Every structure is written in C-alpha cells, then in structure tokens.
Amino acid sequence: MKCSRYFLFTLVLPASVAFSSGEGLYLGVNAVQGTIDIAEVVVNNTAYTPSSENTFGGGLSLGYQPSEHVAIDAALDGLNMVNFDGENAPTQSYWFSYLAVKPILHAWKLNAFVSIGAAYVSISQNNSGNTPDTDHSMVRPYGGAGFGINFNPSTEMSFSINRIEDTKTPITFGMISLTYHFVDHYESSGFLAD
C-alpha cells in the first residue's frame with residue numbers, strides 16, 4: 001500500500017507543478033473593469049452626481065517570485081474618465097498603482113492567489129469655466145483574490161477581483177492580466193532546455 005501511494009505521489013506531484021511559473025521576474029498587461037463608489041462632488045456650491053460609477057481601463061504589471069508559492073506584485077493602471085450629470089459638470093480621471101504580497105497555491109495548470117498590500121491613488125478633476133482643476137492623491141489599503149491559468153511555465157492569464165479601500169471613494173475592480181514569466185526551462189533529464 002505504501003509503495004502504491006509513493007508511486008501515485010511521484011506521478012501526480014511533477015504533473016501538478018509542471019506548468020507553474022517558477023522563480024524570477026514577470027511582466028504583464030492588464031485590462032480593468034471597475035466601479036468607483038462616488039456619492040457626489042461639489043463645485044462652486046453645486047453638487048453633481050456621477051452619470052455612472054462603472055468605468056474601464058488598463059495598465060501594466062511587474063512582479064518577482066522568490067518561490068513558486070509567493071510573489072511580490074506591482075501594477076500601474078488607469079481608469080477611463082468618470083462623467084457627472086448636470087450643466088457645466090466636472091469630469092474625473094483615476095490612476096492607481098499598488099504593491100502587494102501575493103501567496104499562491106498551484107494545482108496542475110491552475111493557481112489561486114490572494115493579494116494584500118497598499119495602493120497609491122491619483123484623482124484629477126477637470127472643472128468647466130474659470131474654476132481651477134483639482135488634483136489629489138492618497139495611499140489606501142489594497143486587497144484582491146483570483147486564479148490563474150498557466151499555458152506553459154512562461155505564460156499565464158489571471159482573473160481577479162480587487163478593492164482599494166477608502167471611506168469616500170472605494171474602488172472595486174475586476175482585472176484580467178496576461179503575464180510573461182522570465183523563467184529557465186529544464187528538461188526531465190535535468191538539463192537546461194534550449
């Protein structure tokens with residue numbers, strides 16, 4: 001019985017990690033669909049409500065995996081302009097970047113992960129008329145969870161739900177990332193592949 005368990009373990013384990021991305025750097029491109037919980041903005045004593053809280057955007061990600069089971073993840077993403085209802089209404093543009101620790105669990109070609117870190121959010125508000133435009137930024141807690149599919153040890157597509165927490169304008173967004181991992185490939189013999 002022990003022999004059969006050992007045999008199954010040796011067969012299943014290499015198959016489960018064969019497609020996982022190993023140690024090293026990775027680069028990615030992101031597509032983002034988000035919701036920004038904006039109640040209203042006030043310009044010259046007039047309150048404006050957003051036409052829609054939903055917006056889209058994209059950006060780039062960069063990371064480093066010190067092991068197969070953890071990564072340090074960073075990204076820079078922008079969201080499309082948010083419009084407000086009303087005459088002479090302002091518009092807002094959002095950029096955010098985050099730095100997070102990402103524990104990872106692998107199962108064959110799939111992986112699951114959570115992200116915990118901090119985000120830097122930059123908000124630019126364009127006002128109409130003679131009212132000056134405003135810009136402000138903040139650092140807020142960031143968290144996310146998702147899963148990825150490894151097509152091979154170098155190429156991964158991941159899907160995640162993320163949130164930048166803020167008492168006034170929290171941002172919740174879904175993200176699809178396509179990443180390329182700079183990893184060495186080894187043959188089953190142990191020699192470095194071409």
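Just so you know, these numbers come straight off a predicted model, no measurement behind them.

A.B. asks: Lay out the overall build of the protein with the relevant residues and their values.
C.D. replies: A count of helical and extended segments in the protein gives one helix and ten strands. Along the protein, helices and strands appear, N-terminal first, in the series α-β-β-β-β-β-β-β-β-β-β. Of all 194 residues assigned to the protein, the portion counted as buried reaches 36%. Contacts in the protein between residues far apart in sequence, at least 24 positions, make up 58% of those at least 6 positions apart. Summed over all atoms, the accessible surface of the protein reaches about 11,100 Å², with 64% contributed by carbon and sulfur.

A.B. asks: Can you explain the environment of glutamate 165? Please cite residues and give values.
C.D. replies: In this structure, glutamate 165 sits in the loop between strand 9 (155-164) and strand 10 (171-181). Expressed as a C-alpha distance, the spacing of glutamate 165 and alanine 118, which sit 47 residues apart in the sequence, is 9.4 Å. Every residue in contact with glutamate 165, bar those within four places of it in the chain, is listed here: Arg140, Pro141 and Pro170. At a separation of 2.8 Å, a polar atom in the side chain of glutamate 165 contacts the side chain of arginine 163.

A.B. asks: How would you explain the side chain of asparagine 162 if you had to name every residue and give the values?
C.D. replies: Along the polypeptide, asparagine 162 turns up in strand 9. The exposure class assigned to asparagine 162 is buried, which follows from its relative accessible area of 2%. Of note is the side chain of asparagine 162, whose polar atom sits 2.8 Å from the side chain of tyrosine 142.

A.B. asks: Can you lay out the pattern of salt bridges for me, pointing to particular residues and giving the numbers?
C.D. replies: For the coordinates displayed, the defined rule picks out two salt bridges. Between arginine 140 and aspartate 166 there is a salt bridge, and its shortest N-O distance comes to 2.6 Å. Remark: aspartate 166 occurs in the loop between strand 9 and strand 10 and arginine 140 occurs in strand 8 (residues 134-150); sequence separation between them is 26 residues. Residue aspartate 166 is classed as buried on the basis of its relative accessible area of 8%.

A.B. asks: Explain the pairing of strand 8 residue by residue, including any values.
C.D. replies: The pairing of strand 7 (residues 110-126) with strand 8 spans 16 bridges and is antiparallel. The partner of valine 114 across the bridge, within strand 8, is alanine 145. Connecting strand 8 to the next strand, strand 9, in antiparallel fashion are four residues.

A.B. asks: Go over the pairing of strand 1 (residues 24-36) with me, naming the residues and quoting the values.
C.D. replies: Two strands pair when backbone bridges link them, and strand 1 and strand 4 (residues 54-67) are joined in this way by twelve bridges, in the antiparallel orientation. From the neighbouring strand, valine 29 faces strand 4, where its bridge partner is leucine 60. Two elements, strand 1 and strand 10, share eleven bridges in a ladder whose sense is antiparallel. Considered in strand 10, the bridge of glycine 34 is made with phenylalanine 173.

Calculation rules
Residues numbered from 1 in each chain as written. Predicted model: local features only at pLDDT ≥ 70, side-chain atom pairs only at ≥ 80, totals over all residues. Heavy atoms only, no water. Helix = DSSP H or I, 4+ residues; strand = E, 2+ residues; numbered from the N terminus. Buried < 20%, exposed > 50% of the residue type's maximum accessible area, 1.4 Å probe, protein only. Contact = heavy atoms within 4.5 Å. Areas by Shrake-Rupley, 256 points an atom, 1.4 Å probe, with all protein chains shown as cover. Polar contact = N/O pair within 3.5 Å; in protein donor to acceptor, adjacent residues only side chain to side chain. Salt bridge = Lys/Arg side-chain N within 4 Å of Asp/Glu carboxyl O. Pairing = 2+ DSSP bridges.

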